Amino acid sequence: MADNTNLVRKKKCKKPKLPESSVWEIAYGDFMTSMMAFFLVMWLVAATNEQQRKIIEYYFTHPMQSVSVSQGSGLNPSKGVFDIGSKQLVISQMPSENKPITINNQASQLKRHENKYEMQNQMASILGKIQEAVKSNKEIAPYGAQIKFSINEEGLNIILFDKNDRPMFANGSIEPEPYTLEILKIIASNIRPLPNKLVIEGYANYTPTVSGPSNWDLSVGRANSARRVLESQGIVSQRFSSVVGYGDTRPMPGTLPQDPVNRRIVILIKKL
């Protein structure tokens, strides 16, 4: 009987070999792409100024935002990836809800940061000069511990406060003691050349008054007395933005309302 079984033969198909030249062509193409990118970066560095480079940097770090420059770039006309013309440099991307950042805004932001650090250095310099002047004066050096300095977002605070046996102002009076007067003169001589606005604040501790001026009157009067001393030393009145008194309503943090340290005046040199 005949065998009807179908025989199936499997034949392996050899994959065609790539030409040997393909390997080095791919590597060479990658090399040329890298070199083109390198020369593009070098051209941008040579053809742009610092502000324009910051804009390009911002473009790559914030690709979903829009950056525009309204001022002339001062470059020769070009029709590359970045349209850097003699009148306008525009780098745009997909619309964003954020407002476009202009070169003027960036410059102003950088200027504010520079002014901030410059002001901090200036405040620290003033602080050091006042401390040194107080230490070098034998008559008022013992009262140096009653002068406190702090720098915050508003500016430099100079705080003159009382101790039990060393009041800055006589009890129930708005006239500064002789050593207080000398301290205020030192402060005035160091802040006089500055254009900064000044705020003077007066405070009192909690002491019920039966007769004489109230704590409100004392705090306001002492702040105003300090202003008069500073003006007598050449600080023009236009520099004072406010002279206020808070009575005994704002004791220093961590103190009891009746503590002598709360009898104080604060001279704030405001940041520009």
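None of these values were measured; they are calculated from a predicted model.

Enquirer: Let's hear about the environment of Ser214: which residues, and what values?
Expert: Structurally, Ser214 can be placed in the loop between β6 (198-203) and α5 (215-232). On a C-alpha basis, the gap between Ser214 and Asp248 in space is 9.9 Å, while along the polypeptide they are 34 residues apart.

Enquirer: Tell me about the packing of helix α4 (residues 178-191) against α5, and please be specific about residues and values.
Expert: The N-to-C vectors of α4 and α5 enclose an angle of 55 degrees; their axes lie 9 Å apart at closest approach. The angle between the axes of α4 and α5 places the two elements in the oblique class. The element α4 and its partner α5 pack so that their crossing is right-handed. When α4 is examined against α5, the residues Leu181, Leu184 and Ala188 are found in contact with a partner set consisting of Ala226, Val229 and Leu230.

Enquirer: Lay out the confidence of the model for the protein chain with the relevant residues and their values.
Expert: Mean pLDDT for the protein chain: 78, with 69% of residues reaching 70 or above. Low pLDDT (under 50) marks residues 66-97, which in the prediction has 69 contacts with non-local residues, meaning those over four places away or in another chain.

Enquirer: Lay out the sheet that holds strand β4 (residues 147-151) in plain terms, naming residues and giving numbers.
Expert: Pairing in this open sheet of five strands is mixed, and the strands run β4-β5-β8-β6-β7 from one edge to the other. Taken across any chain shown, the strands that pair with only one partner, and hence form the sheet edges, are β4 and β7 (240-245). For this sheet, the mean angle separating the axes of adjacent strands, direction not counted, is 15 degrees. Both β4 and strand β5 (residues 155-161) contribute to a ladder of five bridges, which runs antiparallel. Along β5, the bridge assignment pairs Ser150 with Asn157.

Reading guide: rules and limits
The residue numbers shown here count from 1 along each chain, following its written sequence. Under the rules for a predicted model, residues below a pLDDT of 70 receive no local features and side-chain atom pairs below 80 are neither given nor counted, while totals for whole chains, interfaces and linings still include all residues. Values reported for side chains reflect all heavy atoms of the structure, with hydrogen atoms and water molecules removed beforehand. The helix count covers DSSP runs of H or I at least four residues long, the strand count covers runs of E at least two residues long, and both are numbered beginning at the N terminus. Note on method: axes are straight lines fitted to C-alpha atoms, helices fitted across the in-contact stretch only, with angles between N-to-C directions ranging 0 to 180 degrees. Just so you know how the angles are binned, under 35 degrees is roughly parallel, over 145 roughly antiparallel, 65 to 115 roughly perpendicular, and the rest oblique. For any helix crossing, the convention is left-handed if the near helix is rotated counterclockwise from the far helix by under a right angle, and right-handed if that rotation is clockwise. The contact criterion used is simple: two residues touch if any of their non-hydrogen atoms lie within 4.5 Å. Looking at any residue, its pLDDT shows the predictor's confidence there, from 0 to 100. Two strands make a pair as long as DSSP finds a minimum of two bridges between them.

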